[in-house]
Amino acid sequence: APVQNIGAYGTELKDVFISCEVFDQNNYSIKKYRIEDCCFDYRNSIFKSHKNLIILSIKLKLKNENHKINSSYGGVNDELKKLGIINPTIKDVSKAICNIRKRKLPDPNKIGNAGSFFKNPIIGLEKLEQIKNNFIDIPSFKIDNDKFKIPAAWLIEKAGFKGKHFGKFGVHKSQPLVLVNYNNASGKDIFKLSLSIKDIVNKIFQIELETEVNII
């Protein structure tokens, strides 16, 4: 969880993280890393680039009351309405998100996949306005006055890859962020597909997609 600074639907691990105990393979020492030591960023941390660091345990700060409910992201409010819930609890929000993810994401027990393969790119306002000249419907989420997060899934779909099948592998029909292994495809097959997606998206939008997964 700290390696990736995992997150979804408007929150990340760093929001509740206090510290972790880390074993350093270079000098065989054990050290406590506080949040400021971890260099947390969007799906990133110091542990992602420093392979010598092994996380032994983590310490989180959680509450059992007065929770701040964030249901404004990714269609959660719409799902809560479908469930007839007006004043949601954290359990209600969890159920709504699970329902959404079951519809959008393939079950790895049935179809091989590594979840979201690409990060959502962050671009400047000028770049966003340029893209809007050709794609007025481009969705964006404001980070600050000059930074906007663009859904990678939308870019991949517009590039024509959503649901595309390449024999043993392809792009999922409901969630373009997910590359799937239908029948004994190799890691190289999936990797080559990811490069093709990055190339076409870059040609259309001049946006360089970054992988969320680690390529070994």
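Residues numbered from 1 in each chain as written. Predicted model: local features only at pLDDT ≥ 70, side-chain atom pairs only at ≥ 80, totals over all residues. Heavy atoms only, no water.

A.B. asks: Before we go on, may I ask you to explain the overall build of the protein chain in this structure?
C.D. replies: Of the regular secondary structure elements, the protein chain holds six helices and twelve strands. Taking the principal axes of the C-alpha coordinates as reference, the protein chain spans close to 50 × 50 × 40 Å. Buried residues in the protein chain amount to 34% of all 216 residues. Put simply, 55% of the contacts in the protein chain that link residues at least 6 apart link residues at least 24 apart. (Helix = DSSP H or I, 4+ residues; strand = E, 2+ residues; numbered from the N terminus. Buried < 20%, exposed > 50% of the residue type's maximum accessible area, 1.4 Å probe, protein only. Contact = heavy atoms within 4.5 Å.)

A.B. asks: So what exactly am I meant to see when it comes to the pattern of salt bridges here?
C.D. replies: A side chain with one charge can pair with a side chain of the opposite charge if their charged atoms come near. Taken as a whole, this structure holds ten salt bridges when the rule is applied. Arg-43 serves as the salt-bridge partner of Glu-212, at 3.6 Å between the closest nitrogen and oxygen. A residue pair is termed long-range when its members are at least 10 positions apart, and Glu-212 in the segment after helix 6 (187-205) and Arg-43 in the loop between strand 4 (29-34) and helix 1 (46-49) qualify at 169 residues. The class of Glu-212 is buried, set by a relative accessible area of 13%. The exposure class of Arg-43 is buried, given its relative accessible area of 9%. For the salt bridge of Glu-79 with Arg-103, the shortest nitrogen-to-oxygen distance reads 2.7 Å. Of the two residues, Glu-79 is situated in helix 2 (residues 76-82) and Arg-103 in helix 3 (residues 90-104); the sequence distance between them amounts to 24 residues. The structure contains a network of salt bridges with shared partners spanning Glu-12, Lys-14, Asp-15, Arg-43 and Glu-212. (Salt bridge = Lys/Arg side-chain N within 4 Å of Asp/Glu carboxyl O.)

A.B. asks: I tried to follow unusual backbone geometry on my own but got confused; where do I start?
C.D. replies: Most peptide bonds are trans, and most residues other than glycine sit at a negative phi. The residue Tyr-28 is not glycine, and still its phi comes out positive at about 55°. Within the fold, Tyr-28 resides in the loop between strand 3 (17-24) and strand 4. Taking relative accessible area as the criterion, Tyr-28 reaches 67% and is therefore assigned exposed. One non-glycine residue, Cys-39, adopts positive backbone phi at about 55°. Residue placement: Cys-39 occurs in the loop between strand 4 and helix 1.

A.B. asks: Explanation requested: the nonpolar core in the structure shown.
C.D. replies: Proteins that are soluble and globular tend to have nonpolar side chains buried together. The biggest cluster of nonpolar side chains holds 28 residues, and the ones touching the most others in it are Phe-118, Leu-155, Ile-156, Ile-197, Val-201 and Leu-209. Put simply, the parts of the chain that give this core at least two residues each are helix 4 (125-132), helix 5 (152-158), strand 11 (169-171) and helix 6. Contacts of Leu-209, omitting those with residues within four sequence positions, involve Phe-118, Lys-119, Pro-121, Ala-152, Leu-155, Ile-156, Ile-197, Lys-198 and Val-201. In this structure, Phe-17, Cys-20, Val-22 and Ile-46 belong to the second largest nonpolar core, which totals ten residues. (Core = buried A, V, L, I, M, F, W, Y, C linked by side-chain atoms within 4.5 Å.)

A.B. asks: Even after reading the chapter, I still don't get the sheet that holds strand 9 (residues 147-149), so can you show me in this structure?
C.D. replies: In sheet architecture, strand pairing relies on hydrogen bonds along the backbone and comes in two forms, parallel and antiparallel. Spatially, three strands are ordered 7-9-8 in an open sheet, and the strand pairing comes out antiparallel. The sheet terminates laterally at strand 7 (122-124) and strand 8 (141-144), the two strands that pair on one side only. On average, each strand axis in the sheet is tilted by 35° relative to the strand beside it, whichever way the strands run. Pairing geometry for strand 8 and strand 9, over three bridges, is antiparallel. Bridge pairing in strand 9 links Asp-144 to Lys-147. (Pairing = 2+ DSSP bridges. Axes fitted to C-alpha atoms, helices over the stretch in contact; angles between N-to-C directions.)

A.B. asks: Could you clarify how one ought to interpret the packing of aromatic side chains in this entry?
C.D. replies: Aromatic ring pairs: the centre-centre distance and the angle between the two ring planes describe each pair. Evaluated as defined, the whole model comprises eight aromatic pairs. The interplanar angle of 85° and the centroid separation of 6.0 Å between the aromatic rings of Phe-135 and Trp-154 together place this pair among those described as edge-to-face. Residue Phe-135 is found in the loop between helix 4 and strand 8, and its partner Trp-154 is found in helix 5; the two are separated by 19 residues along the sequence. For Phe-135, a relative accessible area of 23% corresponds to the partly exposed category. Relative accessible area serves as the criterion here: at 12%, Trp-154 is assigned to the buried category. Judged by centre distance (4.9 Å) and plane angle (45°), the rings of Phe-135 and Phe-205 are tilted. Placement of the pair is Phe-135 in the loop between helix 4 and strand 8 and Phe-205 in helix 6, with a sequence separation of 70 residues. Taken together, the ring pairs connect Phe-135, Trp-154 and Phe-205 into an aromatic cluster. Just above the ring of Tyr-33 sits the side chain of Lys-31; from NZ or CZ to the centre is 5.2 Å. For the cation-ring pair, Lys-164 lies above Phe-161, with the distance from its terminal atom to the ring centre recorded as 5.5 Å. (Phe/Tyr/Trp six-rings, centres within 6.5 Å; stacked < 30°, edge-to-face > 60°. Lys NZ or Arg CZ within 6 Å of the ring centre and 35° of its normal.)

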